[in-house]
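One-letter residues, chain by chain:
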Amino acid sequence: MRETGRIIKGIAGFYYVADPQGHVYECKAKGVFRKDAVKPLVGDAVEFAIVDEEGKKGNIEKILPRKNELLRPAVANVDQALVIFALKDPEPNFRLLDTFLARMVLTGIPGIICFNKTDLDADGRLALQVRSIYRGSGHELVFTSTKERKGIAELEALLKGKCTTVAGPSGVGKSSLINLLQEDVQMETGCISEKTARGKHTTRHSELIALGEDAFILDTPGFTSLSMDDYEKEDIAKGFAEIGRWENGCRFAGCSHIHEPDCIVKEKLAEGMISRQRYESYVAMYEQCKEKRRY
Ligand SMILES: Nc1nc2c(ncn2[C@@H]2O[C@H](COP(=O)(O)OP(=O)(O)OP(=O)(O)O)[C@@H](O)[C@H]2O)c(=O)[nH]1
Ligand SMILES: [Mg+2]
Ligand SMILES: [Zn+2]
């Protein structure tokens, strides 16, 4: 008998598929690799055959068409991405954040920025700095502290009715935030466990988690680098709303907004309409993309 379900986790060649009632089957994906040459992703809607009802085992027969898919994190069918950084510990890597955001914009997936660990920014100086950098970016911006349970309701409101993938570097509090958002499942976080004393826990597998009735969130492993190698340098400006909006305003068609005269982007930068931090990310990404073309 064929059932439909959604892949909620994939570990070592097994896929955990939840049916509409929430029963989870441990599935293999024999056939789909060979037949369709696609690798199942967490978030995929699938048709699967139940092999053993008692033992809750099955086999994925078909991956249903995807609305979208991401490479990093490797997930499918998301409505939006919540990219989490810490205000400090670890220090935010703005280049990495801007690369992630640009990739989302170019993929057509709304990106929400969350800065966690506001408790480490007692005077609010870091939050203020971050606000001014992302003011023109078009991305929703929220601040949270899992330690002081701040900003959680605001975040919840943004997640309602959506399937959201979480993304961000290791140690910023992704799993801690998800734990606060849902009571049932506890993701293991980076605290040193007193019982096992095995050290920090870091998320190694993406997992889809239901948050109440109508929201889903994907906890994902942290990443340390991202590139734009799969894009053309001309595309990058479109990944920055505050730069891309001036597309046709420069003297030269195809202006890189770096060395050319009569460049409206450089004018807006000088006027303070575009943040220097964002512009620098853009330039670095553009140069990196150009570099790759030489080889
Ligand atoms: N001060 C402070 N520490 C926090 C906060 N949120 C999380 N932490 C701590 O940050 C560390 C990392 O938290 P995790 O939730 O495991 O981080 P993660 O982003 O899931 O990390 P990976 O799974 O490795 O990608 C833990 O020691 C948490 O206790 C916060 O709001 N404030
Ligand atoms: Mg984690
Ligand atoms: Zn220009």
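Residues numbered from 1 in each chain as written. Chains lettered and ligands numbered in written order. Predicted model: local features only at pLDDT ≥ 70, side-chain atom pairs only at ≥ 80, totals over all residues.

(A) Spotlight on the overall build of the chain. Looking only at helices and strands, one finds eight helices and 13 strands in the chain. Taken over the C-alpha trace, the chain has a radius of gyration of 21 Å; the compact-globule value for 295 residues is 19 Å, and the two agree within 12%. Along the three orthogonal principal directions, the C-alpha set of the chain runs to about 70 × 50 × 35 Å. Looking at the chain residue by residue over its 295 residues, the buried ones come to 35%. (Helix = DSSP H or I, 4+ residues; strand = E, 2+ residues; numbered from the N terminus. Rg over C-alpha atoms; globule rule 2.2 N^0.38 Å. Buried ≥ 20, exposed ≤ 12 C-beta atoms within 10 Å, placed from the backbone.)

(B) Structural detail: the nonpolar core. Core analysis: the biggest nonpolar cluster contains 64 residues, and Ile7, Val17, Ile60, Val83, Ile84 and Cys114 have the highest contact counts within it. When residues no more than four places from it in sequence are discounted, the contact partners of Val17 are Gly5, Arg6, Ile7, Val24, Tyr25, Cys27, Val46, Phe48, Gly58 and Ile60. (Core = buried A, V, L, I, M, F, W, Y, C linked by C-beta atoms within 7 Å. Contact = placed C-beta atoms within 7 Å.)

(C) Broad picture of the domain arrangement of the chain. One can read the domain layout of the chain as domain 1 (2-65), domain 2 (70-219) and domain 3 (233-293). Taken over C-alpha atoms, the centre of domain 1 sits 44 Å from the centre of domain 3. (Domains from an automatic or database assignment.)

(D) Just helix α2 (residues 94-107), in detail. With 14 residues, α2 should cover 20 Å at 1.5 Å per step; its first-to-last C-alpha distance of 20 Å lies within 8% of that length. What α2 keeps buried is the set Leu97, Asp98, Thr99, Phe100, Leu101, Ala102, Arg103, Met104 and Val105. Of the residues one or two after α2, Gly108 is the one with positive phi, at around 85°. (Expected span 1.5 Å × (residues − 1).)

(E) Quick look at the environment of Arg6. Here Arg6 is to be found in strand β1 (residues 2-11). Using a count of 20 C-beta atoms within 10 Å as the deciding quantity, one classes Arg6 as buried. Note: C-alpha distance between Arg6 and Val42 (36 residues apart in sequence) is 7.8 Å. Among residues more than four places away in sequence, those in contact with Arg6 are Val17, Ala18, Asp44, Ala45 and Leu208.

(F) Just unusual backbone geometry, in detail. Going from Arg72 to Pro73, the amide bond is cis rather than trans, its omega being -10°. Take Pro73: it is sitting in the loop between β6 (69-70) and β7 (75-76). Cis rather than trans, the peptide bond between Asp89 and Pro90 has omega equal to 0°. In this structure, Lys117 is a non-glycine residue whose phi angle is positive, near 70°.

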